[in-house]
Amino acid sequence: MYVVVIGGGNVGYHLTKELLAAGHEVVMIEKDPARARAIADELGSIVIPNDGCEGRYQGEAGMGRADVMAAVTGDDEDNLVACQVAKMRFNVPRAIARVNDPKNEKLFRQLAIDDTVSPTKTILGVIEHDIPIHDLLHLAELEGGELQIVEAQLDADAPVVGKELRDLAMPEGSTIAVLLRDGRALLARPETRLLAGDKLLAVTSARGEAELRGLLIGE
Amino acid sequence: MRVIIIGCGRVGARTAAELDQQGDHVTVIDTDQRAFNRLPATFAGVTVRGNGTAEDIQRGAGAEMADLVMALTEGDNRNALATQMAKHTFGVPRVIAKINDPLRAEAFRSLGIETICRTVILSQALITAAHDGAEATNGMVEPPTAEPLRGAPPLGSRAHEQATEAVAEEGA
């Protein structure tokens with residue numbers, strides 16, 4: 001695959017290195033000339049020492065034939081503009097933006113950025129995993145955020161403990177897919193009876209989420 | 001009209017003050033509290049300290065009810081993000097971004113943003129001034145208000161005396 005990476009900070013550097021090691025063709029655009037030189041010294045002449053938000057340098061990087069571009073600088077606004085230029089001028093099939101403020105993710109998707117990656121949200125997810133919480137844990141988004149994969153941990157006092165799945169009044173557009181019990185994954189069947197300690201993986205629409213939470217975890 | 005101005009630099013402060021004077025409801029956002037010192041004492045609008053590209057700050061500044069958002073910071077990309085957020089997240093009917101790079105300005109117009117580019121405006125004014133004189137630029141290039149000082153100091157003036165003394169000393 002041909003990949004253009006914009007931003008040569010720690011994320012851009014390691015991303016480029018990994019992609020090269022995996023045999024992909026990569027070009028990086030990094031604004032700071034000293035940083036660009038240092039990376040070129042190590043990884044070879046694949047670095048364009050210029051502003052990756054500018055169409056001119058994206059053209060020089062061969063954005064027109066890129067399969068993927070990833071804008072991974074530390075500034076959300078630069079990542080947005082770099083992706084928009086790549087989409088508008090070069091019609092790149094897949095534009096990925098690093099998003100630092102998790103609140104920007106939705107806007108970026110709305111603005112035709114194909115994928116967003118939020119380190120903040122990832123770390124938040126890890127922290128949430130370690131702390132017992134009485135809420136649905138967001139694992140992933142599908143269909144551009146329309147659907148969510150969520151996890152619910154059932155305490156002994158959860159309202160659905162002891163019930164069979166077929167007896168649950170699931171909100172419309174929500175479904176339980178898999179149960180995690182004793183470190184094993186079980187397919188959710190109508191006759192499956194829920195036990196305290198079960199973790200449920202469910203797919204739900206944004207609208208049905210609050211109702212699902214009330215049903216599985218209680219108030 | 002309810003206007004939100006992001007960036008209280010010289011341009012932002014002046015625009016905010018003028019609109020406020022004309023009776024518009026103006027809210028100015030800047031990350032630096034000291035930037036608001038550029039506003040005149042008579043400014044009757046609202047100031048909000050914070051990052052104008054952050055959703056919470058825009059909401060707090062009343063973006064949901066704004067008729068117009070102008071992003072006038074020194075960062076082209078920041079202005080592009082701020083205006084697109086105002087337009088798409090809060091449904092602001094009109095947004096204007098200050099974009100200093102003419103190529104980028106053109107790209108953002110195709111995304112439904114009004115842009116103002118000082119590079120283009122200044123160079124157009126200068127070209128008009130070069131060909132047709134400052135008066136033809138409609139106030140963009142200002143003609144001088146007085147003739148410049150020139151020639152020797154007039155006879156009898158203190159400057160003339162000093163010059164005469166200096167010449168005499170040099171000859172001695």
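Please read all numbers here as calculations on a predicted model, not as lab measurements. (Residues numbered from 1 in each chain as written. Chains lettered and ligands numbered in written order. Predicted model: local features only at pLDDT ≥ 70, side-chain atom pairs only at ≥ 80, totals over all residues.)

Draft legend 1. Inspection of the environment of Arg59(B) at higher detail. Within the element layout of this structure, Arg59(B) appears in helix 2 (residues 55-60). For the pair Arg59(B) and Glu170(B), spaced 111 residues apart in the sequence, the C-alpha separation amounts to 74 Å. (Helix = DSSP H or I, 4+ residues; strand = E, 2+ residues; numbered from the N terminus.)

Draft legend 2. Local environment of the sheet that holds strand 8 (residues 147-153) of chain A. All names here are of chain A. Strand order in the open sheet formed by 5 strands is 7-8-11-9-10, and the pairing between neighbours is antiparallel. Two strands bound the open sheet, and with one partner strand each, they are strand 7 (137-142) and strand 10 (184-187). Pairwise comparison of adjacent strand axes, ignoring direction, gives a mean angle of 25° for this sheet. Note that strand 8 and strand 11 (residues 199-205) share 7 bridges and pair antiparallel. Opposite Val150, over in strand 11, you have Ala202 as the bridge partner. Sheet strands touched by helix 7 (residues 209-216): strand 8 and strand 11. Its angle to strand 11, the strand with the most contacts, is close to 155°. (Pairing = 2+ DSSP bridges. Axes fitted to C-alpha atoms, helices over the stretch in contact; angles between N-to-C directions. Contact = placed C-beta atoms within 7 Å.)

Draft legend 3. Representation of the domain arrangement of chain A within the structure. Along its sequence, chain A is carved into domain 1 (2-118) and domain 2 (132-216). Distance between the C-alpha centres of domain 1 of chain A and domain 2 of chain A: 37 Å. (Domains from an automatic or database assignment.)

Draft legend 4. Structural detail: the sheet that holds strand 1 (residues 2-6) of chain B. Residues and elements named next belong to chain B. Within the open sheet, the 6 strands sit side by side as 3-2-1-4-5-6. Their pairing is parallel. With one partner strand each, in any of the chains shown, strand 3 (46-49) and strand 6 (114-116) form the two edges of the open sheet. Taken pair by pair, the neighbouring strands of this sheet meet at an average axis angle of 20°, ignoring direction. Examined bridge by bridge, strand 1 and strand 2 (residues 25-30) share 5 bridges and lie parallel to one another. The partner of Arg2 across the bridge, within strand 2, is His25. Along the sheet, helix 1 (residues 10-21) contacts strand 1, strand 2, strand 4 (68-71) and strand 5 (94-98); its crossing angle with strand 2, the most-contacted strand, is approximately 165°.

Draft legend 5. Fine view of the environment of Val72(A). Residue and element names in this part refer to chain A. With respect to the secondary-structure elements, Val72 resides in the loop between strand 4 (68-71) and helix 4 (76-90). Residue Val72 is classed as buried on the basis of its 26 C-beta neighbours within 10 Å. A sequence separation of 36 residues divides Val72 from Phe108, and the C-alpha atoms of the two residues are 14 Å apart. Setting aside chain neighbours within four positions, we find Val72 in contact with Val5, Ile6, Gly7, Val11, Gly12, Leu15 and Arg98. (Buried ≥ 20, exposed ≤ 12 C-beta atoms within 10 Å, placed from the backbone.)

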